[in-house]
Amino acid sequence: MKHSIKKIFRNLSFFLLAVSIFAGLAILATIDHLNSYKKIDNLNNQKEIISSLTNLPKDNLELMFIELNGKSKQLHIEIDKLRTLYDYNFAEKYILLNSKEYLSDLDKLNSLTTAFNKEAYVHYYYEKESKSETTTKEELEKKASSLVKQIDSIIFKDITYSQRKFNIHKNATFLVFIITLLGFIWYKKRLDMIYKDLQFLFHVNHKKHTIFSQEVGAISVRMNRKSMAVDNPILLDPVTGINNIKGLMSAYSEKKGMKEDNFTSVSVLEIDNFSKTNRVYSQELTQAILKKIAFTMSLHEQVADVISRTDYNQFTIILSRPKKEDSFKEIENIRKSISELKLSSAELGEINITVSGGYVIKPNNVSLEESIRQAKKVLLHAQKSGKNKISQIKDLAQSEL
């Protein structure tokens, strides 16, 4: 079975997009790790501030009060920074789902910080009015101990969070590496095969080669058409230069495996009011009409299609399309294009050419010959229904009811 280059490159684009998304997630994981380090630095900084607030020098009271006010406010600022950092802690918020627990710990930390700051003010401002210096010092150290304990608790939990995140990142990294490696091997093999196909087209590789891709197969068929015509002139119609009935069978057998997932349609088109028994045109004009029609049909031909002249006034067209509707629409477009042809002669003036057609979808279990016979039967219905139209099997079935 031949493979589609278009499909391979489309899947490769999706694969590269997925790799890019994984790389983006890796960047988010890196940001998450950096935020964890910043969080630990923040908490350790708070512990240093707390330690310094419990032992402020009293040599210069004015300087001591400035330092007390500044560091007390700094503790709350550091807690606000922790809240801001958590906004970018995607792994904890959306994977570990610890928002409620973590924010609750910060609220408790904020409450203990407020209590500690009040006690520090009592110790340094009002100790002589309320309690002895020893008593206030003990209270301050007690509040400091509770605050440090809460900070240590948050640090310990963060270590636990980091361990869980590391396990997730580790497993995800291994999985992404395996997928990326397999994808690389898979697409490298296919790209190598496509390159060999291109080498075959350029005759760089003269060894026997089995064509891998549909598109290169079609190009090869087209490239060999001239040589086929010279070697096998019996496959071509001498007037139009397209396939005759033998050429139709030969070309179909070569192309039928190109797009196995597509629908194959068979259509037989017959020129209206144009037959051997009723020759109203000269031989020269007759050949000009046939050539014009054949050329018009070839404009709609795709790589897996086959067009042929199979009788004096009949053409058989095999189309391969992803949808049945696309195939019938193409045949309708061919009919319309032919009806728009303008020819003229000195004797007859302007000549309008029209065709009628029978269209059938060929099942895989039905031979081409049988499908052509069915299409000819449907063609008779189209001609009886007024000509210049394409009929389908369902039209014939409705008329027989």
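All figures in this text were calculated on a predicted structure; none of them were measured in a lab. Think of each chain on its own: its residues are numbered from 1, step by step along the sequence as written. Side-chain atom pairs in this predicted model are given and counted only at pLDDT of 80 or more, local residue features only at pLDDT of at least 70, and totals for whole chains, interfaces and linings cover all residues. Note that the side-chain values use all heavy atoms of the structure and ignore hydrogens as well as water.

### Quick look at helix 9 (residues 245-255)
With a 1.4 Å probe rolled over the protein chains alone, any residue whose accessible area is under 20% of its type maximum counts as buried; one over 50% counts as exposed, and the rest are partly exposed. For the purposes of this entry, the term helix denotes a DSSP run of H or I that reaches at least four residues, the term strand denotes a run of E that reaches at least two, and both are numbered from the N terminus. Residues of helix 9 that are buried: G247, L248, A251, Y252 and K255. Looking down the long axis of helix 9, one finds its buried residues gathered within 130° of arc, a one-sided arrangement. Whenever a nitrogen or oxygen atom comes within 3.5 Å of another N or O atom, the pair is scored as a polar contact, on the condition that within protein one atom can donate a hydrogen and the other can accept it, and that pairs from neighbouring residues in sequence are kept only if both atoms are in side chains. A distance of 3.1 Å separates the backbone nitrogen of K246 from a side-chain oxygen at the start of helix 9, and that oxygen is part of N244. Of all possible arcs, the one meant is that of the directions from the helix axis to the C-beta atoms.

### Overview of the nonpolar core
Within this scheme, the nonpolar core is defined by two criteria: the residues are buried Ala, Val, Leu, Ile, Met, Phe, Trp, Tyr or Cys, and they are joined through side-chain atoms within 4.5 Å. Core analysis: the largest hydrophobic core is formed by 27 residues, its most contacted members being I293 and M297. Of all the secondary-structure elements, those providing two or more residues to this core are strand 1 (263-271), helix 10 (283-298), strand 3 (314-321), helix 11 (324-339) and strand 6 (355-361). Ranked by residues supplied to this core, first place goes to helix 10 with 6 residues. Residue contacts are counted whenever heavy atoms from the two residues lie within 4.5 Å of one another. Each residue touching M297, except ones within four places of it in the same chain, is listed here: L269, I307, F315, I317, I334 and I338. In this structure, I49, L56, L75 and I155 belong to the second largest nonpolar core, which totals 23 residues.

### Describing the environment of K276
Examined against the element boundaries, K276 turns out to sit in the loop between strand 1 and helix 10. Classification of K276 as exposed rests on a relative accessible area of 52%. Taking the C-alpha atoms as reference, K276 lies 8.1 Å from N313; in sequence the two are 37 residues apart.

### Notes on the pairing of strand 5 (residues 349-352)
Pairing geometry for strand 4 (residues 342-345) and strand 5, over 4 bridges, is antiparallel. Across the sheet, L343 pairs through a bridge with I351, a residue of strand 5. Strand pairing is defined by DSSP finding a minimum of two bridges between the two strands. Where strand 4 hands over to strand 5, the hairpin turn is made up of 3 residues, counted between the paired strands.

### Structural notes on the packing of aromatic side chains
What counts as a ring pair is set by centres within 6.5 Å for rings of Phe, Tyr and Trp (its six-membered ring), and what kind of pair is set by the plane angle: stacked under 30 degrees, edge-to-face over 60, tilted for all other angles. Enumeration over the complete set of coordinates arrives at 4 aromatic pairs. Centroid distance Y86 to Y102: 4.7 Å. Interplanar angle 20°. Geometry classified as stacked. Here Y86 is found in helix 2 (residues 61-86), whereas its partner Y102 is found in helix 4 (residues 99-125), with 16 residues between them in sequence. A single burial state applies to Y86 and to Y102, both of which are buried. Relative to Y312, the ring of F274 has its centre 5.7 Å away and its plane inclined at 20°; by these criteria the two rings are stacked. On the criterion of sequence distance, the pair formed by F274 in the loop between strand 1 and helix 10 and Y312 in the loop between strand 2 (306-309) and strand 3 is long-range, its members being 38 residues apart. By the burial criterion, F274 is buried, and Y312 matches it. Geometry around W186 places R190 over its ring, the cationic atom sitting 3.7 Å from the centre. Sitting over a ring, as applied to charges here, requires NZ of Lys or CZ of Arg to be within 6 Å of the ring centre and within 35 degrees of the ring normal.

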